[in-house]
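Coordinate analysis (summary)
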2 protein chains.
Amino acid sequence: MEKNNIQIRQSDEHCPVRKSLAILGGKWTLLILFQINKRIIRYGDLKRSIPGISEKMLIQELNHLVEAGFVAKKAYPEIPPRVEYSLTEKGMNALPIVDSLAAFGLENLS
Amino acid sequence: MEKNNIQIRQSDEHCPVRKSLAILGGKWTLLILFQINKRIIRYGDLKRSIPGISEKMLIQELNHLVEAGFVAKKAYPEIPPRVEYSLTEKGMNALPIVDSLAAFGLENLS
DNA sequence: CGGCATCCTACAAGATACTG
DNA sequence: CAGTATCTTGTAGGATGCCG
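Procedures and definitions
Residues numbered from 1 in each chain as written. Chains lettered and ligands numbered in written order. Predicted model: local features only at pLDDT ≥ 70, side-chain atom pairs only at ≥ 80, totals over all residues. Heavy atoms only, no water. Helix = DSSP H or I, 4+ residues; strand = E, 2+ residues; numbered from the N terminus. Buried < 20%, exposed > 50% of the residue type's maximum accessible area, 1.4 Å probe, protein only. Areas by Shrake-Rupley, 256 points an atom, 1.4 Å probe, with all protein chains shown as cover. Near = heavy atom within 4 Å. Polar contact = N/O pair within 3.5 Å; in protein donor to acceptor, adjacent residues only side chain to side chain. Nonpolar A, V, L, I, M, F, W, Y, C, P; charged D, E, K, R; others polar. Contact = heavy atoms within 4.5 Å. Buried area = accessible area lost by both parts, 1.4 Å probe. Salt bridge = Lys/Arg side-chain N within 4 Å of Asp/Glu carboxyl O.

In the nomenclature of an unreviewed UniProt entry, chain A corresponds to DNA-binding transcriptional regulator, HxlR family from the organism Sphingobacterium lactis.

What follows is the structure, encoded as C-alpha cells:
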C-alpha cells in the first residue's frame, strides 16, 4: 500500500523485468511457450500450431529455451526421426506471463 | 482439465497472445509501463528511471502508448515545460503482465 | 521428419545535434 | 525541460537449399 511511495529504480541489469525480457523478449519466445504449454508436442506439430514462424526461428528459439532450462527436448532414434518438446518446471513458471498476456489481449484489444 | 486435449490453434491474427505482443512486444514497452506504474511521472524522471533508454525510443514508445490509449499525457503550458505521464485504466490492465514478468525474473533468473 | 548452414534485408534501435 | 529531426547501425528475423 505504500508501494506507491518506494522508488522503483533498478539500476540496469538488476531489474527483474529486464532480465525476464532479455530471455523471453523475442518475437516468438512467449508464443512458443504458450503453444507447448502443458503438452508434450512434436516439432512438426508445434510448427504447425504457430502459423507464420520460420523453421530457423522455431529451432533457434527452441535451442535457446532448452539451453536456458525452460524446455525439455527428447529425441527418439527412429526413422523417421521423432522429437518431442515439453516445458520443464522452470518453463511452467513462465506460463503466468502468457496467461496474463492472453487475458490482456482478450479484454483490451478488439 | 480437458484443456490438454483441445487444439490450441489460433489462426494468426486472432490469437490474444499475438495481439498483445504486437503492441507490448517492443524492447522498452513493458519496461516503460512498469516504471510509470501507478505514478504520475514527469518525462525527465521517467527517463532517469530507465537507464540506457534513448530519448528517441522513450518518446516514440510514449507516443505509441498514448495513441493506443494505454498512457495519458498531460502537458502544462509553463516555462520550463512540464509534461506528466500516467497509465489509463487500459494501461493499468497491463500491469499484471509486468508483475508476472517481475515475479518470474526474481524466482527463476540468477 | 527434424533439423542446420547461408545469405540477405528491413526495421528496431542508437548517436548526435538542434529547437520551442 | 521536453521534445524533434536526421543519419547510421546492428541484429532479429526471413528465404532458400541441403543433410542424417
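So, about the overall build of chain A. Helix and strand content of chain A: six helices and three strands. Counting over 110 residues, chain A shows a buried share of 44%. Here chain A displays about 6200 Å² of accessible surface, and carbon together with sulfur accounts for 55% of that area.

This brings us to the protein's contact with DNA strand C. Lining the immediate environment of DNA strand C, one finds 18 residues, of which R42(A), I59(A), Y85(A), K27(B) and K56(B) sit closest. The contact atoms of DNA strand C, taken as those within 4 Å of the protein, divide so that sugar and phosphate hold 61%. Between DNA strand C and W28(B), the relevant distance is 3.3 Å, taken from a phosphate oxygen to a side-chain nitrogen or oxygen of the residue. The element contributing the most residues to the surface near DNA strand C is helix α4 (residues 55-67) of chain A, with four residues. A per-class count over the surface near DNA strand C returns nine nonpolar, two polar and seven charged.

Below, the discussion takes up the interface of chain B and chain A. The interface is formed by 43 residues belonging to chain B together with 43 residues belonging to chain A. Roughly 4000 Å² of surface becomes buried between chain B and chain A when both sides are summed, with 63% attributable to carbon and sulfur atoms. At the boundary of chain B and chain A, one finds zero salt bridges. Summed over the shared surface of chain B and chain A, the result is 11 residue pairs in polar contact (both at pLDDT 80 or more).

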